[in-house]
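Residue-level structure breakdown
Single-letter residue listing:
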Amino acid sequence: MRLTVIGCGYVGLVTGACLAAAGHEVYCTDIDEKRIDLLNAGKVPIYEEHLDEVLKRARAEKKIFFQKDSGEAIRAGEVIFICVGTPPKDTGEADLSAIDHVARQVATEAKTPKLVVEKSTVPALTGVQLQKALGAYSRNGGALKFQVASNPEFLREGTAVEDFFHPDRIVVGVENQSSATVMREIYQPILERKFHCPVHGGTCPKGSGELLVTTISSAELIKHASNSFLALKISYANVISDLCEKIGADVEEVTRAMGLDPRIGTQFLKAGLGFGGFCFPKDIQAFIHLAGSIGVEFDMLKAAERVNKQRIERFFEKIHKALWVIKGKKVAVLGLAFKPNTDDIRFAPALDVIRKLLEEGAEVHATDPEAIGRTRPLLPQVCYHEDPYEALKGADAALVCTEWKQFRALDWEKAGKSMARRLVIDGRNFYSPKKMQEMGFEYYSFGRS
Ligand code: UGA
């Protein structure tokens, strides 16, 4: 099938590349012309494991095209995936102006009927507005018919390609049976594993996700309800961790035992600096806003958001207790990205930590395997080091903000010899307190004695 992807950010690129790998012909466009130039030059503007090889293969097989002319791209596809950003406004409400802009482009540029799919994360009832906008902006007085569908993504940054090829579920919210049939046809190669998997080669795990057909409003709600639930789980674990500290219990023991109950599950119960990234913080806000706007009180989400914001304060309580005065101290920050295996620093807890360290007069040395390039322009006062041992040299304290596997492999004996003081404050409960203490480190983490 011929598909159009509007928006070549992380979701658009992964969606476009993987659907091309599944045999479709994909036409991608973006208002950022430099991005299109970069993609046409064979470069990938984001770091996402396996994405470069999937794109390379799709390009070689002439299955994916990047076009500056959005009209041409819109006319080329039978189905249009909207993958533009929906950032939060100051009120927390999602800013849907990019979706509105795309609706106008599609309505004015299309010459044949299209199925327009919301892939961007949008609040419930956006589909209704999108349908209205497509009709209102249409040049030919509504003679050209547009169908709308919602197809939320459940991709985790860092494992997005794997998630796309091996989904737990594919949700398609549609208005009618014909749209459901089209969406099923698009995803059939994924469900039947008819693609070259860059993650597992020929040895993909058995079992494939289910395609669920719902109403558009349900599909929109499923996305926000899922992300907000996961965020709730993390904040819950973080409050348990605070309790553990007061009581002298161990949060790892508590959450592990809780998670063994299959009704609870072990995932997303990891205590620490809390959640960041461009999904949870903005989605939880948008969901609170949506609920409020239709008269439904969602206090528990507000509490989850508050708990998450307080994690930085909790971390600084530990830093102050261990380091006493921060002014003039050399502090090494291990990890900038909001989580490992990505260069994304949006709403990354590490950046809040660094801002506060700088405010308090610390000399900050930071390291990260992928995110230095993105952080440097935002925080030019920091000294950046590709080599973590260089960042740790002469440091009065090391703060762990992202649990990169490269930091797991650090030789702390070696690092300790070059540090001014053997002090590690671990915001991700990444190391064993016992082992760190045995190596002569003062070691602090969340909810563990
Ligand atoms: C999240 C969801 O997991 C995806 O399903 C969803 O598609 C995506 O948002 C989206 O809406 O696009 P992502 O933001 O990539 O994916 O990251 P996660 O792996 O979910 O982690 C989010 C944050 O929670 C990270 O800062 C991570 O460090 C933190 N976290 C995660 C914890 O603090 N504790 C945990 O136990 C798990």
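Residues numbered from 1 in each chain as written. Predicted model: local features only at pLDDT ≥ 70, side-chain atom pairs only at ≥ 80, totals over all residues. Heavy atoms only, no water.

With that out of the way, let us pick up the site of the ligand. Around the ligand there are 20 residues in total, and E153, E157, K223, N227 and K270 lie nearest to it. At 2.9 Å, a backbone N or O of L155 approaches an oxygen atom of the ligand. In this structure, an oxygen atom belonging to the ligand sits 2.9 Å away from a main-chain N or O atom of G276. Considered on its own, the ligand offers 720 Å² of accessible surface; in the complex 92% of this is hidden by protein. Within the residue set of the shell around the ligand, elements represented by two or more residues are α9 (216-247) and α11 (280-293). Considering every element that reaches the shell around the ligand, the biggest residue donor is α9, with three residues. (Near = heavy atom within 4 Å. Polar contact = N/O pair within 3.5 Å; in protein donor to acceptor, adjacent residues only side chain to side chain. Areas by Shrake-Rupley, 256 points an atom, 1.4 Å probe, with all protein chains shown as cover. Helix = DSSP H or I, 4+ residues; strand = E, 2+ residues; numbered from the N terminus.)

Right, let's get into the layout of surface pockets. A volume near 920 Å³ is recorded for the second largest pocket. In this structure, the second largest pocket is lined by 41 residues; those nearest its centre are G9, Y10, C83, G85 and R346. Listing elements by their share of the lining of the second largest pocket, those giving two or more residues are α1 (10-21), α2 (33-40), α5 (97-109) and α11. When the residues that make up the lining of the second largest pocket are grouped by side-chain class, the tally is 14 nonpolar, twelve polar and 15 charged. (1 Å grid on protein atoms, 1.4 Å probe; cavity = no way out; pocket = protein on both sides within 12 Å on 5 of 7 lines; lining within 4 Å. Points joined across faces, edges and corners; volume = space filled by probe spheres on them. Nonpolar A, V, L, I, M, F, W, Y, C, P; charged D, E, K, R; others polar.)

Let's shift gears to the packing of α5 against helix α6 (residues 126-137). At a minimum axis separation of 8 Å, α5 and α6 run at an interaxial angle of 40 degrees. Taken together, the axes of α5 and α6 are oblique relative to one another. When the axes of α5 and α6 are compared, the crossing they make is right-handed. Mapping the contact onto sequence places I99, D100, A103, R104, V106, A107 and T108 in α5 and L130, A133, L134 and Y137 in α6. (Axes fitted to C-alpha atoms, helices over the stretch in contact; angles between N-to-C directions. Parallel < 35°, antiparallel > 145°, perpendicular 65-115°, else oblique. Left-handed = near helix turned anticlockwise from the far one by under 90°. Contact = heavy atoms within 4.5 Å.)

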